[in-house]
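Listed below are the residues making up each chain.
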Amino acid sequence: MAHKIIKVSAPGKIILSGEHSVVYGQPAILTAINKRLYVEIKKGRGSTKIITDQNPELVHHALFNVIPAKAGIYTNKKMFNNLKITIRSEIPVNRGLGSSAALAVALTGALLRWFNQKWNKKLINQIAFEIEKKQHGNPSGADNTIALHGGTIIFQKGKIKRLKVSHLPQFVFIDSGLASETTREMVKIVNAKIKNQNAKLQFKIQNLINNLGKVTAQCIKTLKEKNSNQLKFLIRENERLLEELGVVGEKAKRIIKEIESLGGAAKICGAGGLKKGSGILLCYHQNPQVLLNFAQKSHLKNYQLKLGAEGLRNEN
Ligand code: MEV
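Here we summarise the structure given alongside this text.

Our next topic: the sheet that holds strand E9 (residues 280-284). With respect to topology, 4 strands assemble into an open sheet ordered E8-E9-E7-E10, the strand pairing being antiparallel. Each edge of the open sheet carries a strand with a single partner, namely strand E8 (265-268) and strand E10 (302-303). Pairing geometry for strand E7 (residues 172-175) and E10, over 2 bridges, is antiparallel. Counterpart to Phe-173 in the pairing with E10 is Tyr-303. Along the sheet, helix H9 (residues 288-297) makes contact with E7, E9 and E10, crossing E7 at roughly 15°.

Turning next to the pairing of E9. Each regular strand carries side chains that alternate between the two faces of the sheet. Counting buried residues in E9 gives 5 out of 5 residues, a clear majority hidden from the surface. Taking every second residue as pointing to the same face, both faces of E9 are buried, with Ile-280, Leu-282 and Tyr-284 on one and Leu-281 and Cys-283 on the other. Relative to E9, E7 runs antiparallel, the two being bridged by 4 bridges. For Ile-174, the partnering residue across the bridge sits in E9 and is Leu-281. Bridge count for E8 against E9 is 4 bridges, and the pairing is antiparallel. When the bridges of E9 are listed, Ala-265 appears paired with Tyr-284.

According to the stated counting rule, one finds 10 salt bridges in the structure shown. In this structure, Asp-175 and Arg-95 form a salt bridge, with 2.6 Å as the shortest nitrogen-oxygen distance. Taken together, the residues Asp-175 in strand E7 and Arg-95 in the loop between strand E4 (83-89) and helix H2 (99-114) connect sequence positions 80 residues apart. On the accessibility criterion, Arg-95 (18% relative accessible area) is buried. One connected set of salt bridges, linked through shared partners, spans Glu-237, Arg-240 and Glu-244.

The next point concerns the packing of aromatic side chains. All chains considered together, the criterion is met by 5 aromatic pairs. Ring centres 6.4 Å apart and planes at 55° place the aromatic pair Phe-171 and Phe-173 in the tilted group. With relative accessibility at 10%, the residue Phe-171 sits in the buried group. With a centroid separation of 6.0 Å and an interplanar angle of 65°, the aromatic rings of Phe-171 and Tyr-284 are classed as edge-to-face. With Phe-171 in the loop between strand E6 (159-162) and E7 and Tyr-284 in strand E9, the pair connects residues that are 113 residues apart, well separated along the chain. An aromatic cluster is present here, built from Phe-64, Tyr-74, Phe-80 and Phe-115 joined pairwise through their rings. Taking NZ or CZ as reference, Lys-4 lies 4.5 Å from the ring centre of Trp-114, over its face. We note Lys-301 situated over the ring of Tyr-303; from NZ or CZ to the ring centre the distance is 4.9 Å.

For the rest of this paragraph, the subject is the layout of surface pockets. Taken as a whole, the largest pocket holds about 570 Å³ of empty space. Lining the largest pocket are 41 residues, and of these Ser-100, His-136, Asp-143, Thr-183 and Ala-271 lie nearest its centre. For the lining of the largest pocket, the secondary structure elements donating two or more residues are strand E1 (5-17), H2, helix H3 (121-136), helix H4 (142-149) and helix H5 (183-194). Considering only residue class, the lining of the largest pocket consists of 16 nonpolar, 18 polar and 7 charged.

Next up on the list: the site of the ligand. Taken together, Lys-13, Ile-15, Glu-19, His-20, Val-22, Val-23, Pro-139, Ser-140, Asp-143, Val-187 and Ala-271 are the residues near the ligand. In the model, an oxygen atom of the ligand is placed 2.6 Å from a nitrogen or oxygen of the Ser-140 side chain. For the ligand, an oxygen atom lies 2.7 Å from a polar atom in the side chain of Asp-143. Considered on its own, the ligand offers 300 Å² of accessible surface; in the complex 98% of this is hidden by protein. Taking a 2 Å distance to the grid points as the criterion, the majority of the atoms of the ligand fall inside the largest pocket. Of the residues in the shell around the ligand, the class split is 6 nonpolar, 2 polar and 3 charged.

The N-to-C vectors of helix H6 (residues 199-225) and helix H7 (residues 228-245) enclose an angle of 160°; their axes lie 10 Å apart at closest approach. Comparing their axes, H7 and H6 come out roughly antiparallel. Note on packing geometry: the crossing formed by H6 with H7 is left-handed. Contacts from Lys-204, Ile-205, Leu-208, Ile-209, Asn-211, Leu-212, Val-215, Gln-218, Cys-219, Thr-222 and Leu-223 in H6 reach Gln-230, Leu-231, Leu-234, Glu-237, Asn-238, Leu-241, Leu-242, Glu-244 and Leu-245 in H7. In terms of residue class, the contact of H6 with H7 is built from 12 nonpolar, 5 polar and 3 charged.

What follows is about H4. Counting buried positions along H4 yields 7 of 8 residues, so the element is predominantly enclosed. Listing the buried residues of H4 in full gives Ala-142, Asp-143, Asn-144, Thr-145, Ile-146, Ala-147 and Leu-148.

Residue placement: Gly-151 occurs in the loop between H4 and strand E5 (152-156). The spacing of Gly-151 and Lys-267 is 116 residues in sequence and 21 Å in space, taken between C-alpha atoms. In this structure Gly-151 touches Leu-30, Thr-31, Ala-32, Ile-146, Arg-162, Gly-308 and Ala-309, once residues within four positions along its chain are discounted.

Rules used throughout
Residues numbered from 1 in each chain as written. Predicted model: local features only at pLDDT ≥ 70, side-chain atom pairs only at ≥ 80, totals over all residues. Heavy atoms only, no water. Pairing = 2+ DSSP bridges. Helix = DSSP H or I, 4+ residues; strand = E, 2+ residues; numbered from the N terminus. Contact = heavy atoms within 4.5 Å. Axes fitted to C-alpha atoms, helices over the stretch in contact; angles between N-to-C directions. Buried < 20%, exposed > 50% of the residue type's maximum accessible area, 1.4 Å probe, protein only. Salt bridge = Lys/Arg side-chain N within 4 Å of Asp/Glu carboxyl O. Phe/Tyr/Trp six-rings, centres within 6.5 Å; stacked < 30°, edge-to-face > 60°. Lys NZ or Arg CZ within 6 Å of the ring centre and 35° of its normal. 1 Å grid on protein atoms, 1.4 Å probe; cavity = no way out; pocket = protein on both sides within 12 Å on 5 of 7 lines; lining within 4 Å. Points joined across faces, edges and corners; volume = space filled by probe spheres on them. Nonpolar A, V, L, I, M, F, W, Y, C, P; charged D, E, K, R; others polar. Near = heavy atom within 4 Å. Polar contact = N/O pair within 3.5 Å; in protein donor to acceptor, adjacent residues only side chain to side chain. Areas by Shrake-Rupley, 256 points an atom, 1.4 Å probe, with all protein chains shown as cover. Sits in = over half its atoms within 2 Å of the grid points. Parallel < 35°, antiparallel > 145°, perpendicular 65-115°, else oblique. Left-handed = near helix turned anticlockwise from the far one by under 90°.

Okay, here's the thing in structure tokens:
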């Protein structure tokens, strides 16, 4: 017991299709990426020490409110003494890559393991969802679900199906810059439009949400059939709908237009952003080198991401 150390990790994610509309019951396709967040717990001395590169408020809320209440562990504060918890992440924040969901899942998994609880995936997901609510207000639960299960999934109204494809197309991920808005704010912007007194606007937004759902359904079919021409068309359509929804900033729009003029397609792949950047863009071109050259010429950072990564896992 003296040398007990546990280490767990959870991945970030990309939304291939269905961001925002998933909050309103439409399907989304999500895939886990090979950038992970790690939580290590070992014995410390005195009061528990937390070393984190994540939002400390969220970490504290998870550790002291949500996890003990939901998992029924360390209900007595003293039980939580003498620990050293280290959180380290490879997932860039505020770029739509699901860093807060990875934190919620990994932290919950690590604590359940430390306190010798059963690794019940359903419970971990429920707790992580509660933590996500603090961060996102009214989340769909898609982000924590992919961080937990990994791979590539179709998520709708809390239910998941695996997307059964041998491999996903080769995408290029170009950074449109840090979003100055949080996911919570972006979700709220859309929600305010849906609940707007103006019936015409409400109708328009509901229509956009329904159409985003249709695009996602077609995208599932297209990925299974490996129809790259159709995929390009769907990514373009998806982006157009997201722009109309009002979640894409001017900088990202300009980059996306240029990619389209080069014969490619691109879309935001998380909550987006308005005033500054809109996070990572999922970009597609039959010849990916065209996109890599474009990114280099335009001095835009691009990420090499492996898709379909493993979900929550023990590291020791
Ligand atoms: C954020 O990664 C995805 C959103 O659809 C919000 C959510 O699903 O909770 C924008």
